[in-house]
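The lines below spell out each chain.
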Amino acid sequence: MIPFPLHLESLLSKPLMYLVFLLIGFLFGYVLEISGFNHSPSLASQFYFKDLRVFKVFFTAIVVGMLLIFASSAVGLLDYNLIWVNPTYLWSGIVGGLIMGAGFILGGFCPGTSLVALATLKIDGGFFVLGGLVGVFLFGETVDSYSYFFNGSYYGRLTLMDVFNLPAGTIVILVTLMAVFMLWGGEQLEKVYGNKDPAKAPKARYYGAGVLVLLAVAIAIIGQPTTADRWARLEPVRAEAIAKREMYVHPGELLDTFHDHKLNLVMLDVRSEADYNLFHLLDAVHMPPEEIPAAVNDLIAMPANTVIIVMSNDETAATEVWKALSAQAVPNVYILSGGINNWLDTFATDFEEGFCGERIKAEDEQLRFEFEAALGSNCPAAYPDHDQYHFEYDKKIQLELKRAPVGGGCG
Amino acid sequence: MKKNINTPRKKFQLKDLFNRPSQPYANPYLGGVLLGLVLFASYFITGNGLGASGGLSRFAAFIEDLIAPGHIDQVPYLLSMAGGRRNPLDSWIVIVTTGVLIGGFSSGLIHGRTKIETNKGPNISKQTRWLFAFIGGILFTYGARLARGCTSGQALSGGATLSAGSWLVMFSIFGGAYALAYFVRRLWN
């Protein structure tokens, strides 16, 4: 198991959890203050290349934070899938960013820095915060008139690795090099526009930059854990669960779950497209194993009451997918016990035998039912009448509410 | 109880705390490393990044809830934070924001920088500075709501986790500010 991030809600009582957040906020405010982020002329003068203090703090912080996150992920301490990565909304992000830029140069602060300025009794900071409250009010009143734009161009949890199709280690090196270059260039600009002599700054910053680049290279060499690595870490814990069949859901339990409206049921049918077209459960999504990695982010981001049921013709293929999903930290994943074949054995009556097709002999992970046509979910057994069946089974579905953070710092 | 008036040594006065000589700010690279450590600690322990505008939004929703509770239930954006009996301040981001205020105040106090003043460019009056701070605040949070995060929640946190959208927002913020900087240079120079 990858130990971090912690799931504070299940570990701590609410007051203690809030104490942790208070402490993080305290350190955040403290560091912003010692970095000079409460001084609006410093914030503004970076846009005239005179004093790039804020620019330096900002990009150093991004690189240090990034390196530590990906280093701890590479050595298996931190699960990158479980930390909040801002989803991408293309156009609302760009337009909102440009408006923020205008507010930045006019107001001399951003929200976080204005709070620190207010806390250190800067009157201009107070006015910025007041304006900020008005801005929230105006947004709430106007956003409905363009909600299509606000919610459009959505790309979900999209990372730079996805955009450039490069491994995380390579992106980490590139970002580090870019930041070091930008910081060096910033010092040159300060020399020209701000009459600052870079030679007077402590030499230690060169060693610091060297350490950051070395760390980035080390991260790229170690590499991020693959699904197989992640499963290897998980196997000691989960192998026993498989042996005890803790995640194999009886068809009767699945049928009851169809009618449990407290749960958000997601059925993943991992069989071939041909089998899926012949017969599948009503509302089951066709997702062959090779499409699973791309779907992991969306599955993690689903609501907390989501239960995912994986099914194949028998159990072998579904169990492999279950391992991959569990290794990628997708919560509440189960397997349809006996697969589609067992489902048909359970629910295909004489009527289905006549109407849909007939039973045949087949090997493992082959469909043991020959259909008259590609019926999809039109065969009645795809959605059996709940009132006609009553099963005794061991209840397997237990909703585990441990999920990735569902909102960032700006929700 | 009577106070002893004849105290030999100088009596401690609260205002002395705010009149100490200001110390210079930390080296920016050191500040950056420390900020990076705090950011990492936040992700490592809680899985969440840092943020600020979320706290402001919820505070604004709280005020609106006090003034016009019926109105909240008609505005979908506010509804998610303060609809019905939900308290908009009962959120981790509000706690973080409170911590930011205490942390900033403490550091300012320790280093003699917590004092009532207005920082501005040399060629404008205080009142002009206040007006533009107010306007800038409106624009910034409006944009932050539209982009779903500000410099902390998008650029800093999303930048470190390599979110593609956050890097886009970051470049848009800096691009917008640099593009406009020349035209408003009188504000700061």
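Residues numbered from 1 in each chain as written. Chains lettered and ligands numbered in written order. Predicted model: local features only at pLDDT ≥ 70, side-chain atom pairs only at ≥ 80, totals over all residues.

### Overview of the overall build of chain A
Across its full length, chain A carries 18 helices and nine strands. Against the compact-globule benchmark of 22 Å for 411 residues, chain A has a radius of gyration of 27 Å, which places it well outside the compact range. Oriented by its inertia axes, the alpha-carbon framework of chain A measures out at about 90 × 50 × 40 Å. Each of the 411 residues in chain A was classed as buried or not, and the buried ones make up 50%. (Helix = DSSP H or I, 4+ residues; strand = E, 2+ residues; numbered from the N terminus. Rg over C-alpha atoms; globule rule 2.2 N^0.38 Å. Buried ≥ 20, exposed ≤ 12 C-beta atoms within 10 Å, placed from the backbone.)

### Some remarks on the overall build of chain B
Across its full length, chain B carries eight helices and zero strands. Secondary structure elements of chain B occur, N-terminal to C-terminal, as α-α-α-α-α-α-α-α. Against the compact-globule benchmark of 16 Å for 189 residues, chain B has a radius of gyration of 21 Å, which places it well outside the compact range. Dimensions of chain B, computed from the C-alpha atoms along their principal axes, are close to 65 × 45 × 40 Å. Taken across its 189 residues, chain B has 54% of its residues classed as buried. A separation threshold of at least 6 residues defines the contact pool for chain B, and within that pool the share at least 24 residues apart is 55%. (Contact = placed C-beta atoms within 7 Å.)

### Re the interface of chain A and chain B
With 118 residues of chain A in contact, the opposing surface of chain B contributes 117 residues. Residues that form the side of chain A that touches chain B fall into these classes: 76 nonpolar, 33 polar and nine charged. (Nonpolar A, V, L, I, M, F, W, Y, C, P; charged D, E, K, R; others polar.)

### Some words on the pairing of strand β4 (residues 264-269) of chain A
Residues and elements named next belong to chain A. For β4 and strand β6 (residues 306-311), the ladder comprises six bridges, and the chain directions are parallel. Within the sheet, the bridge partner assigned to Asp 269 lies in β6 and is Met 311. Judged from the two bridges that link them, β4 and strand β5 (residues 285-286) form a sheet pairing that is parallel. Bridge pairing in β5 links Asp 269 to His 286. (Pairing = 2+ DSSP bridges.)

### A closer look at helix α8 (residues 164-181) of chain B
With 18 residues, α8 of chain B extends 26 Å from end C-alpha to end C-alpha; this agrees with the ideal 26 Å at 1.5 Å per step. Along α8 of chain B, 13 of the 18 residues are buried, which leaves the element largely enclosed by surrounding structure. (Expected span 1.5 Å × (residues − 1).)

### Focus: the domain arrangement of chain B
Residue and element names in this part refer to chain B. Structurally, chain B comprises domain 1 (26-116) and domain 2 (118-189). For domain 1 versus domain 2, the distance between C-alpha centres works out to 18 Å. Counting residues at the interface gives nine residues for domain 1 and 11 residues for domain 2. Looking at the side of domain 1 that touches domain 2 element by element, the count peaks at four residues for helix α2 (residues 53-67). Residues of the side of domain 1 that touches domain 2, tallied by class, amount to four nonpolar, five polar and no charged. (Domains from an automatic or database assignment.)

### Observations regarding the sheet that holds β4 of chain A
Residue and element names in this part refer to chain A. Strand order in this open sheet of five strands is β3-β7-β6-β4-β5, and the pairing throughout is parallel. Because the sheet does not close on itself, it has two edges, and the strands there are β3 (248-249) and β5. Summarising the sheet, β6 and strand β7 (residues 333-336) pair through three bridges and their orientation is parallel. For Val 310, the partnering residue across the bridge sits in β7 and is Ile 335.

### Quick notes on unusual backbone geometry
Negative phi characterises most residues that are not glycine, and trans characterises most peptide bonds. All names here are of chain A. Of note, the amide linkage connecting Phe 4 to Pro 5 takes the cis form, showing an omega dihedral of 0 degrees. Secondary-structure assignment places Pro 5 in the segment before α1 (8-11). The phi torsion at Ser 153 lies on the positive side, around 40 degrees, for a residue other than glycine. The phi angle at Ala 329 is positive, at roughly 70 degrees, despite the residue not being glycine. Inspection of the secondary structure assignment puts Ala 329 in the loop between α16 (316-327) and β7. Classification of Ala 329 as buried rests on a count of 20 C-beta atoms within 10 Å.

### Looking at the packing of helix α5 (residues 90-107) of chain A against helix α6 (residues 126-146) of chain B
Closest axis-to-axis distance for the α5 of chain A/α6 of chain B pair is 7 Å, and the angle between their directions is 165 degrees. Taken together, the axis directions place α5 of chain A and α6 of chain B in an arrangement best described as roughly antiparallel. Taken as a pair, α5 of chain A and α6 of chain B cross one another with a handedness that is left-handed. For the pair α5 of chain A and α6 of chain B, the contacting residues are Ser 92, Val 95, Gly 96, Gly 97, Ile 99, Met 100, Ala 102, Gly 103, Phe 104, Leu 106 and Gly 107 of chain A in the first and Phe 132, Ala 133, Ile 135, Gly 136, Gly 137, Leu 139, Phe 140, Tyr 142, Gly 143, Ala 144 and Leu 146 of chain B in the second. Grouping the constituent residues of the contact of α5 of chain A with α6 of chain B by class yields 14 nonpolar, eight polar and no charged. (Axes fitted to C-alpha atoms, helices over the stretch in contact; angles between N-to-C directions. Parallel < 35°, antiparallel > 145°, perpendicular 65-115°, else oblique. Left-handed = near helix turned anticlockwise from the far one by under 90°.)

### So, the confidence of the model for chain B
Mean pLDDT for chain B: 86, with 94% of residues reaching 70 or above. Looking over chain B, one finds the lowest element-wise mean pLDDT in helix α4 (residues 76-82) of chain B, namely 76, and the highest in α8 of chain B, namely 95. (pLDDT = per-residue confidence, 0-100.)

### Considerations on the nonpolar core
Among the nonpolar cores identified, the biggest contains 173 residues, and Met 66, Leu 67, Val 172, Ile 309 and Val 310 of chain A are the most heavily contacted of them. Ranked by residue count, the leading element in this core is helix α4 (residues 53-74) of chain A, at 15 residues. A domain-level breakdown of this core finds at least three residues from each of domain 1 (26-116) and domain 2 (118-189) of chain B. (Core = buried A, V, L, I, M, F, W, Y, C linked by C-beta atoms within 7 Å.)

### Examining the packing of helix α10 (residues 168-193) of chain A against helix α11 (residues 204-222) of chain A
Residue and element names in this part refer to chain A. Here α10 crosses α11 at 165 degrees, and the two axes come no closer than 7 Å. For the element pair α10 / α11, the angle class is roughly antiparallel. The two elements α10 and α11 cross, and the hand of that crossing is left-handed. Contacts between α10 and α11 involve Gly 169, Thr 170, Val 172, Ile 173, Thr 176, Leu 177 and Val 180 from the former and Ala 209, Leu 212, Val 213, Ala 216, Val 217, Ile 219 and Ala 220 from the latter. The residue inventory of the contact of α10 with α11, partitioned by class, reads 11 nonpolar, three polar and no charged.

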